Structure formats: structure tokens, C-alpha cells
Amino acid sequence: QVRLVESGGGLVQAGGSLRLSCAGSGRSFDLYGMGWFRQAPGKEREFVATINWSGHITDYADSVKGRFTMSRENAKNLVFLQMNSLKPEDTAVYYCAAGPGSHLYYRESESAYWGQGTQVTVSS
């Protein structure tokens, strides 16, 4: 069992930055590939970013590529999402999730564990 708790969301102006954190607890956290997903009002949850177990490989949705950076500190059971140049369309609840294995993953249906989410609101 892995428990995930997100933090770091808030209200920011367009062009600003936020850093989301995801704290994991439970056994073998460092063996999981991790993902960030988001859900905007009235929309389905969508993939944002993914990282493999070691942190050496990442991938991003086209909509955030070049603006968001995902990283992890396995020694502290932490995963991060650095979000720069934020846009109003980035407004959503952001969820941290653990994947089905140690590799990158992109489908929310493959997530083994979810956090409760943190709200990010970007004003224009």
C-alpha cells in the first residue's frame, strides 16, 4: 500500500510559477513510476507528466512541455512538479499517482494509487 499526499497548490497570476509536491508513504515507493494528472472543471482528467523509478527519465504532455518539470527524491519519498509560465488553461485539480510498475506511464486507468489532489488556479 502506498499513500500519496499532494501540496503546493494555490492561486497564481498568469506567467507565474508553482511547485507541487507529492509525499509518499508505504513500502517500495521508490520502485514505482509516478505520474501527475489534472482535471479542469467540466473536463476529464488528463495526463500531465510521468517519471520512472530512478528519476532519470521523464515525459510530458505537449501542452506543458517546456514549461513543467517533474522530478523525484527517492530518499525522501517525494515527487515534484515545477510549473513555470503558467496559463489560465492550466487551472485544474492536480493529482499525483503511482503507476503499475517502475517505468513511465500515461493512462490514469493504470494508476495503482492516487493522492487526494491539490487545486491550482491561474488568473489572467
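Residues numbered from 1 in each chain as written. Predicted model: local features only at pLDDT ≥ 70, side-chain atom pairs only at ≥ 80, totals over all residues. Heavy atoms only, no water.

J.: Give a detailed account of the pattern of salt bridges, specifying residues and quantitative values.
T.: Within this structure, the stated rule accounts for 6 salt bridges. Between Lys76 and Glu73 there is a salt bridge; the shortest N-O distance is 3.8 Å. By relative accessible area, Lys76 is classed as exposed at 57%. Here the salt bridges do not stand alone but share partners, grouping Arg38, Glu46, Arg67 and Asp90 into one network. (Salt bridge = Lys/Arg side-chain N within 4 Å of Asp/Glu carboxyl O. Buried < 20%, exposed > 50% of the residue type's maximum accessible area, 1.4 Å probe, protein only.)

J.: An account of the layout of surface pockets is requested, with residue identities and associated values reported.
T.: In this model, the largest pocket occupies a volume close to 170 Å³. Along the lines of polarity and charge, the residues of the lining of the largest pocket split into 2 nonpolar, 3 polar and 8 charged. (1 Å grid on protein atoms, 1.4 Å probe; cavity = no way out; pocket = protein on both sides within 12 Å on 5 of 7 lines; lining within 4 Å. Points joined across faces, edges and corners; volume = space filled by probe spheres on them. Nonpolar A, V, L, I, M, F, W, Y, C, P; charged D, E, K, R; others polar.)

J.: Please provide a residue-by-residue account of the sheet that holds strand β1 (residues 2-7), values included.
T.: Read across the open sheet, the 4 strands follow the order β1-β3-β8-β7; overall the sheet is antiparallel. Looking at which strands have only one partner, the edges of the open sheet turn out to be β1 and β7 (68-73). Neighbouring strand axes in the sheet, compared pairwise and without regard to direction, differ in orientation by 15° on average. Alignment of β7 against strand β8 (residues 78-83), held across 6 bridges, turns out to be antiparallel. Each residue of the ladder has a partner; that of Met70, found in β8, is Leu81. (Pairing = 2+ DSSP bridges. Helix = DSSP H or I, 4+ residues; strand = E, 2+ residues; numbered from the N terminus. Axes fitted to C-alpha atoms, helices over the stretch in contact; angles between N-to-C directions.)

J.: So, the side chain of Thr118: which residues are in play, and what are the values?
T.: Of note, Thr118 is situated in strand β11 (residues 118-123). For Thr118, a relative accessible area of 10% translates into the label buried. A polar contact of 3.2 Å, which involves the side chain of Thr118, links it to the backbone nitrogen of Gly9. Excluding residues that lie within four positions of it along the chain, Thr118 makes contacts with Glu6, Ser7, Gly8, Gly9, Leu20, Ala92, Val93 and Tyr94. (Polar contact = N/O pair within 3.5 Å; in protein donor to acceptor, adjacent residues only side chain to side chain. Contact = heavy atoms within 4.5 Å.)

J.: Break down unusual backbone geometry for me, with residues and values.
T.: One non-glycine residue, Asn77, lies in the positive phi region at around 55°. Within the secondary structure layout, Asn77 lies in the loop between β7 and β8. In this model, Ser85 sits at a positive phi of 50°, which is unusual for a non-glycine residue.

J.: Residues and numbers for the packing of aromatic side chains, please.
T.: By the definition in use, this model includes 6 aromatic pairs. Taking the centre distance of 4.9 Å and the plane angle of 55° together, the rings of Phe47 and Tyr106 count as tilted. Within this pair, whereas Phe47 is found in strand β5 (residues 46-51), its partner Tyr106 is found in the loop between β9 (92-98) and β10 (113-114), the two being separated by 59 residues in sequence. A residue is classified by how much of its surface remains accessible, and Phe47, at 16% relative accessible area, is buried. Within the aromatic cluster, the residues linked to one another by ring pairs are Phe37, Phe47, Tyr95, Tyr105, Tyr106 and Trp114. If you follow Arg45 out to its NZ or CZ, it ends over the ring of Tyr95, 4.7 Å from the centre. A cation sits over an aromatic face here: Arg45 above Trp114, 3.8 Å from the ring centre. (Phe/Tyr/Trp six-rings, centres within 6.5 Å; stacked < 30°, edge-to-face > 60°. Lys NZ or Arg CZ within 6 Å of the ring centre and 35° of its normal.)

Any functional reading would require information beyond the geometric quantities listed.
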